[in-house]
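Chain by chain, the residues:
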Amino acid sequence: MKAKYLNPFTDFGFKKIFGEEASKPQLIDFLNSLLPERDQIVELTFKNNEQLGFTPYDRKAVYDIYCENQNGEKFIVELQKAKQNYFRERTIYYSTFPIREQAEKGIWNYNLKAVYCIGVLDFTFDDYESEPEKSEVVHTINLKNQHGKVFYDKLTYIYLEMPNFKKEEHELATRLDKWLYFIKNLEDFQSIPELFKDEVFTQAFQVAELAKMDREDWERYEYSLKVFRDNKATCDYAVETAREEGLQKGIQEGLEKGIQEGLQKGIQEGKKEGIQEGIKEGIKEGIKEGKREEQLKIARQAKVIGLGTEQIKMLTGLSEEEINNL
């Protein structure tokens, strides 16, 4: 089915919905669903992002937004359409832009405004070892000391792992839930769901409607969509290749470690039976996943330590002829 609305994960789509003057009501509403109560935005202005960064990518990926809260206090939000390669390095680097921009000529007391770095991710972190971190959507990061106490409260990173957001329409409970549901499913909508009938979301749908774009915007969007798909395909291929290579490496290392541990155990026991049992125990899991090359390597080392043909056949599954030809 042909898409009716743009893909918000493209650079063009993201900026169209959140990075233009006409999008301010939507952006304020979205940011207020993320920010703490003390920093709810009442007014914001965009900084010319052409002045940010040293590459075209940096200038497209980051939007500095100067905000004022209900108490008249000023702070800065850095909104990122984050990419996966060197993700942490990129976001730390980007966060320096709004900090450095505050420097004043002459004598200055370094009293910085608060900075929020918000990243919308179309991928997930891959280094969390336990729940609930693996499945969380919103990640909030501060600078803390070794005791977990916040060291500096004016720099906050907020990352949204969109693949982890799995709520259905009837499960949406908060304003943030609605925005996440909107962002993740926008390209698949064919009409505006009932829960999005308020003015802010209605305007967002109008901005995102492909049929209302002029020729120039349509061409820019098509190019942006192609880049997004190409990058995603390349990333998916790289991830899958890395997984396969990692699996093979793990199998190889597991086999080698198993043999080594088995030999050590056998030697310590001083019995050939101990050697055989140690090898079997150490490489049991590796044999299941290993290929013929690994089996041949095992057979060669087993012959070196004096195991018989029948024992090697039992260990490797190789034929008598294959073993004799080694």
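See the structure printed just above.
The following paragraphs examine the structure supplied in this document. (Residues numbered from 1 in each chain as written. Predicted model: local features only at pLDDT ≥ 70, side-chain atom pairs only at ≥ 80, totals over all residues. Heavy atoms only, no water.)

### Overview of the nonpolar core
Counting 50 residues, the largest nonpolar core has Phe30, Leu31 and Phe182 as its most contacted members. Residues contacting leucine 31, with those up to four places away along its chain left out, are Ile41, Ile65, Val77, Leu79 and Ile118. By size, the runner-up hydrophobic cluster in this structure holds 10 residues, among which are Ile76, Val115, Tyr157 and Tyr159. (Core = buried A, V, L, I, M, F, W, Y, C linked by side-chain atoms within 4.5 Å. Buried < 20%, exposed > 50% of the residue type's maximum accessible area, 1.4 Å probe, protein only. Contact = heavy atoms within 4.5 Å.)

### With respect to the pairing of strand 5 (residues 138-144)
Strand direction decides the pairing type here: strand 5 and strand 6 (residues 150-161), joined by 7 bridges, are antiparallel. Residue pairing for strand 6: threonine 140 is matched across the bridge by isoleucine 158. Remark: 5 residues form the turn of the hairpin made by strand 5 and strand 6, two consecutive strands paired antiparallel; glycine 148 in that turn has positive phi of roughly 85°. (Pairing = 2+ DSSP bridges. Helix = DSSP H or I, 4+ residues; strand = E, 2+ residues; numbered from the N terminus.)

### Overview of helix 4 (residues 87-100)
The terminal C-alpha atoms of helix 4, which comprises 14 residues, lie 21 Å apart, in line with the 20 Å expected from a rise of 1.5 Å per residue. Among the residues of helix 4, those classed as buried are Phe87, Thr91, Tyr94, Ser95, Phe97 and Pro98. Seen from one end, helix 4 has its buried residues packed into an arc of 135°, which puts them on one side. (Expected span 1.5 Å × (residues − 1). Arc of directions from axis to C-beta.)

### Observations regarding a negative patch on the surface
A contiguous patch of negative charge on the surface is contributed by Glu168, Glu169, Glu171 and Glu194. Tracing the sequence through the fold places glutamate 168 in the loop between strand 6 and helix 5 (175-185). (Patch = residues over 30% accessible without salt bridge, like charges linked within 9 Å, V, L, I, M, F, W, Y side chains within 5 Å. Areas by Shrake-Rupley, 256 points an atom, 1.4 Å probe, with all protein chains shown as cover. Salt bridge = Lys/Arg side-chain N within 4 Å of Asp/Glu carboxyl O. Lys, Arg positive; Asp, Glu negative; His and termini not counted. Charge placed at Lys NZ, Arg CZ, Asp CG, Glu CD.)

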